[in-house]
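# Observations on chain architecture
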Amino acid sequence: MLVEDLPRLTFDPATPPQGYRQTWLEIGFGGGEHLLWQARQNPDVALIGCEPFEDGVIKVLTAVTTEELKNIRLHMGDAREIVRAIAPASIDRTFILFPDPWPKRKHRKRRLVNATLLALLARVMRPGAELRIGTDSGDYARTMLEAFALEPRFRWTAASPEDWRIRPADWPETRYDAKAVREGRPRYYFRFLRI
C-alpha cells in the first residue's frame, strides 16, 4: 500500500460524505486503532481521519483495503486545512486523542488544542455534537480546560470525576493510552457538547 493510493479515499470537505447517518472527524489518528475501531463498529457513519505522518496513513490504508471499509475518508496533512474547508454544522462528533503535549514551555504554542482550533471546530460541528479529547499530560489537560472556558459554544459534560477519569466503553484504547497506563500516568477523557 502506497500513499499514492490516498486519492481514492479523499473527498471534498465542503460536501459531507453522502449516504451516512452521521459524519465524524478524528484529528491526528496516529496508528489508526481508534479510527478503524469506530469504522468497524459504526458502518453507517462516515469517518474523516486526518494525520500528517505517512506511517499512520499507510496502516489505515492497508486496513481499509484489506477489510474493504467504505466509510473512511483520509487527509494526510494538517487537520486545520480540512477543518477550515468543511461545511458549517456538518460534523456530528470529533475526536482528538492524545495529541502531542509539547511539554517544554518554549514549545507550548505548538499545542493543537487551543482557542483557535476550538473556534474552527465550533463552526463545523452541529449543535449537540460531541467533542472527545484524551490526554495523559496534566499540564495539557489544564490548558485545554482553560481554552474551553473561553469558548462559550462548548459545554463540558462531566458531572463527577469518574466522567473524565474513566474511559467510556465506546472509546477504545489507543497505543498512546496503553503507553500511559504502562508508565503509570493518569489519563484524562474529556467530553464536550457543541451548544
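To start, this report covers the structure provided alongside it. In this text the structure is predicted, and so the values were computed from the model without any measurement.

Calculation notes
- Residues numbered from 1 in each chain as written.
- Predicted model: local features only at pLDDT ≥ 70, side-chain atom pairs only at ≥ 80, totals over all residues.
- Heavy atoms only, no water.
- Helix = DSSP H or I, 4+ residues; strand = E, 2+ residues; numbered from the N terminus.
- Rg over C-alpha atoms; globule rule 2.2 N^0.38 Å.
- Buried < 20%, exposed > 50% of the residue type's maximum accessible area, 1.4 Å probe, protein only.
- Contact = heavy atoms within 4.5 Å.
- Phe/Tyr/Trp six-rings, centres within 6.5 Å; stacked < 30°, edge-to-face > 60°.

### What about the overall build of the protein?
Helices and strands together make up the secondary structure of the protein, namely seven helices and seven strands. Starting at the N terminus and walking to the C terminus, you meet the elements of the protein as β-α-β-α-β-α-β-α-β-α-β-α-α-β. A globule of 195 residues ought to have a C-alpha radius of gyration of about 16 Å, and the protein, at 16 Å, matches this closely. For the C-alpha atoms alone, the extent of the protein along its principal axes is close to 40 × 35 × 35 Å.

### Notes on the environment of cysteine 50
By the secondary structure assignment, cysteine 50 is in strand β2 (residues 45–51). Taking relative accessible area as the criterion, cysteine 50 reaches 1% and is therefore assigned buried. Setting aside chain neighbours within four positions, we find cysteine 50 in contact with Leu25, Glu26, Ile27, Gly28, Phe29, His75, Ala79 and Ile82.

### Observations concerning the environment of arginine 108
With respect to the helices and strands, the residue arginine 108 is situated in the loop between β4 (91–97) and α4 (115–124). Overall, arginine 108 belongs to the partly exposed group, its relative accessible area being 25%. Along the chain, arginine 108 and tyrosine 140 lie 32 residues apart, while their C-alpha atoms are 8.9 Å from each other. Aside from chain neighbours lying at most four places away, what touches arginine 108 is Trp102, Pro103 and Asp139.

### Details of the packing of aromatic side chains
Tallied over the entire structure, the rule returns nine aromatic pairs. Here the aromatic rings of tryptophan 164 and tyrosine 188 are separated by 5.9 Å at their centres, their planes lie at 15°, and the arrangement is stacked. Of this pair, tryptophan 164 sits in helix α6 (residues 162–165) while tyrosine 188 sits in strand β7 (residues 188–194), and the two are 24 residues apart along the sequence. With a centroid separation of 5.2 Å and an interplanar angle of 80°, the aromatic rings of tryptophan 171 and tyrosine 189 are classed as edge-to-face.

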